[in-house]
Amino acid sequence: MPQALDPTAQPRPGEEIDCARLAAWLRERMPDAGGEIAIEQFPAGHSNLTYLVRAGEAEWVLRRPPFGSPVKSAHDMGREFQILSRLWRVYPPAPRPAVYCEDAGVIGAPFYLMERRYGVVIRKTLPEAIAPEPALLSRIGAGFVDNLAALHAVDLAEAELDTFGKPEGYAARQIEGWTRRWRGAATEPVADMEWLAAGLAVRLLEQPTPPPSAIHNDYKFDNVMLDAEDPSRVAAVFDWEMATVGDAWMDLGTALSYWIDPGDAPEFRALAFSPTYLPGMPSRAGFLARYEQASGRAAPRPYFYYAYGLFKLAAILQQIYYRYAQGLTSDARFAEFPPVVRGLARQGRAALEAESLTP
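Described below are features of the structure shown in this document. Throughout, residues of each chain are indexed from 1 in the direction in which the sequence is written. The predicted nature of this model means local features are confined to residues of pLDDT at least 70 and side-chain atom pairs, given and counted, to a pLDDT of 80 or more, with totals for whole chains, interfaces and linings taken over all residues. Side-chain measures were taken over the full set of non-hydrogen atoms in the model, leaving aside hydrogen atoms and water.

### Examining the overall build of the protein chain
Turning to step 1, where the next piece is worked out: Secondary structure counts use DSSP, requiring at least four H or I residues in a row for a helix and at least two E residues in a row for a strand, with both numbered from the N terminus. Within the protein chain, the regular secondary structure consists of ten helices and nine strands.
Turning to step 2, where the next piece is worked out: Only C-alpha atoms enter the radius of gyration, while the globule expectation follows 2.2 Å times N to the 0.38, with N the number of residues. Relative to the 2.2 N^0.38 estimate, which gives 21 Å for 359 residues, the radius of gyration of the protein chain is 20 Å and therefore close to what a compact globule would have.
Turning to step 3, where the next piece is worked out: Principal axes of the C-alpha set define a box for the protein chain whose edges measure 60 × 45 × 40 Å.
Turning to step 4, where the next piece is worked out: In the protein chain, of all internal contacts separated by at least 6 residues, the share reaching a separation of at least 24 is 70%.
Turning to step 5, where the next piece is worked out: Note on areas: these come from Shrake-Rupley sampling with a 1.4 Å probe, and a residue is covered only by the protein chains present in the view. Carbon and sulfur atoms form 52% of the exposed surface of the protein chain, whose accessible area is close to 15,100 Å².
Turning to step 6, where the next piece is worked out: Think of it this way: Lys and Arg go in the positive column, Asp and Glu in the negative one, and His and the chain ends go nowhere. We put the charge of a Lys on NZ, of an Arg on CZ, of an Asp on CG and of a Glu on CD. The positive charge centre, built from 36 side chains, and the negative charge centre, built from 45, are 3 Å apart in the protein chain. Contacts are assigned to residue pairs with any non-hydrogen atoms lying within 4.5 Å of each other.

### Side note on the pairing of strand β3 (residues 58-64)
Turning to step 1, where the next piece is worked out: In terms of residue burial, β3 counts as a mostly covered element, since six of its seven residues are buried.
Turning to step 2, where the next piece is worked out: Pairing analysis gives seven bridges linking strand β2 (residues 49-55) to β3, with the strands arranged antiparallel. Along β3, the bridge assignment pairs Leu 52 with Val 61.
Turning to step 3, where the next piece is worked out: In short, DSSP must find at least two bridges between two strands for them to pair. Taken together, β2 and the strand that follows it, β3, pair antiparallel across an intervening segment of two residues, in which Gly 56 is found at a positive phi of about 65°. Between buried and exposed lies partly exposed: a residue is buried under 20% and exposed over 50% of the maximum accessible area for its type, with that area taken using a 1.4 Å probe on protein chains only.

### Looking at a negative patch on the surface
Turning to step 1, where the next piece is worked out: Two joining distances apply to patches: 9 Å for like charges and 5 Å for nonpolar side chains (Val, Leu, Ile, Met, Phe, Trp, Tyr), and every residue must have over 30% relative accessible area and no salt bridge. Should a side-chain nitrogen of Lys or Arg be within 4 Å of a carboxyl oxygen of Asp or Glu, the pair is scored as a salt bridge. A contiguous patch of negative charge on the surface is contributed by Asp 155, Glu 158, Glu 160 and Asp 162.
Turning to step 2, where the next piece is worked out: Positionally, Asp 162 belongs in the loop between α3 (134-152) and α4 (170-185).
Turning to step 3, where the next piece is worked out: Residue Asp 162 is classed as exposed on the basis of its relative accessible area of 52%.

### Here's the deal with the side chain of Asn 147
Turning to step 1, where the next piece is worked out: Following the sequence through the fold, Asn 147 ends up in helix α3.
Turning to step 2, where the next piece is worked out: On the basis of relative accessibility, which here comes to 9%, the residue Asn 147 falls in the buried class.
Turning to step 3, where the next piece is worked out: Residues contacting Asn 147, with those up to four places away along its chain left out, are Tyr 91, Pro 93, Tyr 219, Val 234 and Val 237.

### Description of the environment of Met 250
Turning to step 1, where the next piece is worked out: Tracing the chain through its elements places Met 250 in helix α6 (residues 248-257).
Turning to step 2, where the next piece is worked out: Remark: the alpha-carbon pair of Met 250 and Tyr 321, spanning 71 residues in sequence, is separated by 24 Å.
Turning to step 3, where the next piece is worked out: Contacts of Met 250, omitting those with residues within four sequence positions, involve Tyr 170, Ala 171, Gln 174, Tyr 305 and Tyr 308.

### As for the side chain of Asn 217
Turning to step 1, where the next piece is worked out: Tracing the backbone shows Asn 217 in the loop between β6 (213-215) and β7 (224-226).
Turning to step 2, where the next piece is worked out: Engagement of the side chain of Asn 217 in a polar contact is seen with the backbone oxygen of Met 242, the distance being 2.9 Å.
Turning to step 3, where the next piece is worked out: Asn 217 has contacts with Tyr 170, Met 242, Thr 244, Asp 251, Thr 254 and Lys 312, leaving out every residue within four places of it along the chain. Pairs of N or O atoms within 3.5 Å make up the polar contacts considered here, provided that, within protein, one atom can donate a hydrogen while the other can accept it, and that residues adjacent in sequence are counted only when both atoms are side-chain atoms.

### Regarding the sheet that holds β3
By way of backbone hydrogen bonds, the strands of a sheet pair with one another, either parallel or antiparallel.
Turning to step 1, where the next piece is worked out: Read across the open sheet, the five strands follow the order β1-β2-β3-β5-β4; overall the sheet is antiparallel. Both outer strands of the open sheet, β1 (37-42) and β4 (97-101), are each paired with one neighbouring strand and no more. Between one strand and the next, the sheet's axes are offset by a mean angle of 25°, whatever the strand orientation.
Turning to step 2, where the next piece is worked out: Pairing of β3 with strand β5 (residues 111-115), which is carried by four bridges, proceeds in the antiparallel orientation. Fitted lines through C-alpha atoms serve as axes, helices being fitted only where they are in contact, and the angles separating the N-to-C directions of these axes extend from 0 to 180 degrees.

### Some points on the packing of α4 against helix α5 (residues 191-203)
Turning to step 1, where the next piece is worked out: For the pair α4 and α5, interaxial distance at closest approach is 10 Å and the crossing angle is 165°. In terms of their interaxial angle, α4 and α5 are classed as roughly antiparallel. The two elements α4 and α5 cross, and the hand of that crossing is left-handed. Judged by residue contacts, Ile 175, Thr 179, Trp 182 and Arg 183 of α4 engage Met 193, Glu 194, Ala 197, Leu 200 and Ala 201 from α5. For this classification, under 35 degrees means roughly parallel, over 145 means roughly antiparallel, 65 to 115 means roughly perpendicular, and everything else is oblique. The handedness criterion is simple: a crossing whose near helix is rotated anticlockwise from the far helix by less than a right angle is left-handed, and one whose near helix is rotated clockwise is right-handed.

### Considerations on the packing of α6 against helix α9 (residues 302-325)
Turning to step 1, where the next piece is worked out: At a closest axis distance of 7 Å, the pairing of α6 and α9 adopts a crossing angle of 65°. As far as their axial angle goes, α9 and α6 are roughly perpendicular. Remark: the crossing between α6 and α9 carries right-handed chirality. The segment α6 lies against α9, with Trp 249, Met 250, Gly 253, Thr 254, Leu 256 and Ser 257 engaging Tyr 305, Tyr 306, Tyr 308, Gly 309, Leu 310, Lys 312 and Leu 313.
Turning to step 2, where the next piece is worked out: Under the scheme applied here, ten amino acids are nonpolar (Ala, Val, Leu, Ile, Met, Phe, Trp, Tyr, Cys and Pro), four are charged (Asp, Glu, Lys and Arg), and all others, including Gly, are polar. Grouping the constituent residues of the contact of α6 with α9 by class yields eight nonpolar, four polar and one charged.

Remember that the coordinates give geometry; whether it matters functionally is a separate question.
Below, the structure is given as structure tokens:
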């Protein structure tokens, strides 16, 4: 089990949390927060910051917004806490939230704590706990896809999410919103991003609207924790900052945008966020087929949603890079994002022009 656990580290410089302030706040609200408080950081994320908080024998995961982000709506801790408070009861991979703090005076921003889950996370490469065996990777890929379909199948009324979000007009708002955010964070011209913004807006008129679903909006391997004993089972899904009730096919497109096929061009394969190209993993077409089988419905013109996912991902990475370029974060990983943005935009345009998941 130890090698399977998602590692923690000391907080990055500038991202520390005032331990004494947090301890005083916790002890007033959490009866099991006894003993000395210790804080470590889960260092792998790119957006909201995630920490491990220990108090004696008790452990929680703390989530707070990133430092220096001007996009407050994308880092609404109260909203993230609210959706998890409803979702965990009907969707087991959602961690149970514990307590929310809207007072920015405690640690410098609103935050919440949730239960800690244990398991293994696939990031850029396979962890040692998962052998690169095609049969195992096939089961892992299938479980990952099935879990996304299970989220989209959540009964909104049972989850008390039927009045959450604004599903009507969701797709149009997303394309307009990510276009606006891209332009607000752009640090250089990227012609493919502008082409995609216009191309998606025009083609949206041809797309039907599915019934509203609970959607994650950033479903990828490093936002999923797998059972260490049976990695084909999803033990937890985290990073719910963009979750809402909206268009399941848009959520599918986001998930596909992280999926690299073995036959993709080498320059696009170099952008891989996780090793989805390994033998045994489904291709993007296989991902789509498995999802359609598990969900019982076919996504119309899936290349449109794939292109949208690439466009959105490029805009998100550009926003993060913008914070770095402005000196609002010192995380050196973000310096590498401009060529990734260009590569995602190029792939998105190619997918929309070729009307294919494998342009």
